[in-house]
Amino acid sequence: MPEIFRAFGFSFFFYSREHEPLHIHVEGKGGAARYVWDGGEFVLAEHHGVSKADIRKIDMMIDENSDIIVRYWNEYFNK
């Protein structure tokens, strides 16, 4: 399970045997979310147990690091 980074008590990662489309999982504080790349940005696909305030923080981290996430996905799965 490659972890890309941690922030605000959440782990941002994807699983080793992932599937398309490109997406990222976020877990922490008893909740989870999944964001899917739509070709230009990551969009919240689902979440449970994550407060609205934490979703805003997660959104910010994903927006600021989307290039890193996309690059890491491509490097990991296109070896």
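Remember, predicted model here, so these are calculated numbers, not experimental data.

1. Concerning the pairing of strand β3 (residues 23-28)
Here comes step 1: Along β3, five of the six residues are buried, which leaves the element largely enclosed by surrounding structure.
Here comes step 2: The sheet contact formed by strand β2 (residues 10-13) and β3 spans three bridges and is antiparallel. Looking at β3, one finds that Phe13 is bridged to His25.
Here comes step 3: Here β3 pairs with strand β4 (residues 31-37) via six bridges, running antiparallel.

2. Here's the deal with the nonpolar core
Here comes step 1: If you look at the biggest cluster of nonpolar residues, it comprises 20 residues, and the most contacted ones within it are Phe12, Ile24, Val26, Tyr35, Phe42, Ile58 and Ile62.
Here comes step 2: Contributions of two or more residues to this core are made by β1 (3-7), β2, β3, β4 and α1 (52-77).
Here comes step 3: A total of seven residues in this core trace back to one element, the largest contributor, which is α1.
Here comes step 4: The contacts of Val26, once residues within four sequence positions are left out, are Phe10, Ser11, Phe12, Phe13, Gly31, Ala32, Ala33, Tyr35, Ile58 and Ile62.

3. Focus on the pairing of strand β5 (residues 42-48)
The side chains of a regular strand alternate between the sheet's two faces.
Here comes step 1: With six bridges joining them, β4 and β5 adopt antiparallel strand pairing. Bridging from a neighbouring strand, Arg34 pairs with Glu46 of β5.
Here comes step 2: Where β4 folds back on β5, the antiparallel hairpin that results is connected by four residues, among which Gly39 adopts a positive phi of roughly 100°.

4. Focus on a negative patch on the surface
Here comes step 1: The grouping of Asp38, Glu41, Asp63 and Glu64 at the surface amounts to a negative patch.
Here comes step 2: Within the secondary structure layout, Asp38 lies in the loop between β4 and β5.

5. Brief notes about the packing of aromatic side chains
The description of an aromatic ring pair uses the distance of the two centres, along with the angle that the planes make with each other.
Here comes step 1: Enumeration according to the criterion identifies nine aromatic pairs in this entry.
Here comes step 2: Relative to Trp73, the ring of Phe14 has its centre 5.4 Å away and its plane inclined at 65°; by these criteria the two rings are edge-to-face. Taken together, the positions of Phe14 in the loop between β2 and β3 and Trp73 in helix α1 put the pair 59 residues apart, joining distant regions of the chain. Accessibility assignment for this pair places Phe14 and Trp73 in one class, buried.
Here comes step 3: Classification of Phe14 as buried rests on a relative accessible area of 0%.
Here comes step 4: An aromatic cluster is present here, built from Phe14, Tyr72, Trp73, Tyr76 and Phe77 joined pairwise through their rings.

What counts and how
Residues numbered from 1 in each chain as written. Predicted model: local features only at pLDDT ≥ 70, side-chain atom pairs only at ≥ 80, totals over all residues. Heavy atoms only, no water. Buried < 20%, exposed > 50% of the residue type's maximum accessible area, 1.4 Å probe, protein only. Helix = DSSP H or I, 4+ residues; strand = E, 2+ residues; numbered from the N terminus. Pairing = 2+ DSSP bridges. Core = buried A, V, L, I, M, F, W, Y, C linked by side-chain atoms within 4.5 Å. Contact = heavy atoms within 4.5 Å. Patch = residues over 30% accessible without salt bridge, like charges linked within 9 Å, V, L, I, M, F, W, Y side chains within 5 Å. Areas by Shrake-Rupley, 256 points an atom, 1.4 Å probe, with all protein chains shown as cover. Salt bridge = Lys/Arg side-chain N within 4 Å of Asp/Glu carboxyl O. Lys, Arg positive; Asp, Glu negative; His and termini not counted. Charge placed at Lys NZ, Arg CZ, Asp CG, Glu CD. Phe/Tyr/Trp six-rings, centres within 6.5 Å; stacked < 30°, edge-to-face > 60°.

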